[in-house]
Amino acid sequence: MLLRFLLLCSSVLGAQGVPAEWNARQQLDELKARFEAIPPQLAKIDIERWKQQGVAVAYLNQHESMLTQLRSLTLAIGELRQTPEKLAVALEIFLRFDALDSMQRSLMEAVRKYEPEATAEAIEASFVASAPARNQFRAYLLDLASLRDKEHEVLLTEAQRCRVERNLPQAPAPRPTPAGPVKKK
């Protein structure tokens, strides 16, 4: 039973597209480096001047939220690097991508309006530079989710087989044989 289950699991693992753990870690390092390059670009924004110019508070809040989101994202990438098979952490990272995209588009409106063009271009370039690593991560996430689905199917199939096997009628146990010769009287 256990051997059959292990063989099924190994066939699922062999057919999957998730990179080897060392390769996944390398990809995650690249992704993290790309996102760690963004806060120094955001630091070029002169927030104090924005406050003096009466920039909408929403833009100021978005700037702070973006920095917080980037910190959380790099922490999550670090966590996934430790355990690359964690689907929940990978999904968290993916969802943070979407949040960052929305914030970035909105914040860039203010940056283009209140900052020199060079600052806006540098910030935008740091986001664009992350695109290949993000796309590679999306593919990793899809492969990981697919692998988890296949593993789940294997487990369900094996659990069903065990339930059926357990509920089969059992043959009566053989009668114990005497341990030694029986003495006659």
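Residues numbered from 1 in each chain as written. Predicted model: local features only at pLDDT ≥ 70, side-chain atom pairs only at ≥ 80, totals over all residues. Heavy atoms only, no water.

Asks: Explain the overall build of the protein chain here, please?
Replies: Along its length, the protein chain carries eight helices and zero strands. The order of helices and strands in the protein chain, counted from the N terminus, is α-α-α-α-α-α-α-α. Taking all 185 residues of the protein chain together, 32% fall into the buried category. Roughly 11,800 Å² of accessible area belongs to the protein chain as shown, and the carbon and sulfur atoms make up 59% of that amount. (Helix = DSSP H or I, 4+ residues; strand = E, 2+ residues; numbered from the N terminus. Buried < 20%, exposed > 50% of the residue type's maximum accessible area, 1.4 Å probe, protein only. Areas by Shrake-Rupley, 256 points an atom, 1.4 Å probe, with all protein chains shown as cover.)

Asks: When you look at helix α7 (residues 117–129) in this model, what are you seeing that I'm missing?
Replies: The α-helix winds at 3.6 residues per turn, so residues separated by three or four positions along the chain end up facing the same way. Here α7 is 13 residues long and its end C-alpha atoms lie 18 Å apart, about the 18 Å a rise of 1.5 Å per residue gives. Every buried residue belonging to α7 is among T119, A120, I123, S126 and F127, and all of these are buried. All buried residues of α7 project into a common sector of 130 degrees when viewed along the axis, lining one side. Set apart from the buried face of α7 by more than 90 degrees, the exposed residues are A118 and V128. As for α7, its buried residues are in contact with α3 (38–42), α5 (57–82), α6 (87–114) and α8 (131–167). (Expected span 1.5 Å × (residues − 1). Arc of directions from axis to C-beta. Contact = heavy atoms within 4.5 Å.)

Asks: Looking at this model, I keep getting lost on the nonpolar core. Mind explaining?
Replies: Across soluble globular proteins, nonpolar side chains have a tendency to be buried as a group. One finds L31, F35, L42, W50, I93 and F137 to be the most contacted residues of the largest nonpolar core, which totals 38 residues. Elements with a minimum of two residues in this core: α2 (21–36), α3, α4 (47–53), α5, α6, α7 and α8. Among the elements that line this core, the one with the most residues is α6, at 10 residues. (Core = buried A, V, L, I, M, F, W, Y, C linked by side-chain atoms within 4.5 Å.)

Asks: Quick question: what am I supposed to make of the side chain of R161 here?
Replies: For R161, the position within the fold is in helix α8. Reaching out from R161, the side chain makes a polar contact with the side chain of E165 at a distance of 2.6 Å. (Polar contact = N/O pair within 3.5 Å; in protein donor to acceptor, adjacent residues only side chain to side chain.)

Asks: Even after reading the chapter, I still don't get the packing of aromatic side chains, so can you show me in this structure?
Replies: We describe a pair of aromatic rings using the distance from one ring centre to the other and the angle between the two ring planes. Scanning the model with the defined rule gives four aromatic pairs in all. Ring geometry for F97 versus F137: centroids 5.6 Å apart, planes at 75 degrees, classification edge-to-face. With F97 in helix α6 and F137 in helix α8, the pair connects residues that are 40 residues apart, well separated along the chain. For F97, a relative accessible area of 0% puts it in the buried group. (Phe/Tyr/Trp six-rings, centres within 6.5 Å; stacked < 30°, edge-to-face > 60°.)

Asks: So what exactly am I meant to see when it comes to the environment of S146 here?
Replies: Tracing the backbone shows S146 in helix α8. Looking at S146, the relative accessible area reads 32%, which means it is partly exposed. Considering only alpha carbons, one finds S146 and G17, 129 residues apart in sequence, at a separation of 8.6 Å.

Asks: I would appreciate a short explanation of the packing of α2 against α8 in the present structure.
Replies: The packing of two helices is summarised by the inter-axis angle and the distance between the axes. Two elements in contact, α2 and α8, have axes whose closest approach is 9 Å; the angle formed by their N-to-C orientations is 140 degrees. Considered as vectors, α2 and α8 are oriented oblique to each other. The crossing of α2 and α8 is left-handed. Only A133, R134, Q136, F137 and Y140 of α8 make contact with α2, whose side of the interface consists of A24, Q27, L28, E30, L31, R34 and F35. Residue classes in the contact of α2 with α8 are distributed as seven nonpolar, two polar and three charged. (Axes fitted to C-alpha atoms, helices over the stretch in contact; angles between N-to-C directions. Parallel < 35°, antiparallel > 145°, perpendicular 65-115°, else oblique. Left-handed = near helix turned anticlockwise from the far one by under 90°. Nonpolar A, V, L, I, M, F, W, Y, C, P; charged D, E, K, R; others polar.)

Asks: Is there a simple way to think about the confidence of the model for the protein chain in this case?
Replies: If pLDDT is low for a region, its predicted coordinates should not be looked at in detail. For the protein chain, mean pLDDT is 85; residues scoring 70 or higher make up 87% of the total. Low confidence marks residues 1–15, where pLDDT is under 50. Its contacts with residues over four positions away, or in another chain, come to 18 contacts. (pLDDT = per-residue confidence, 0-100.)

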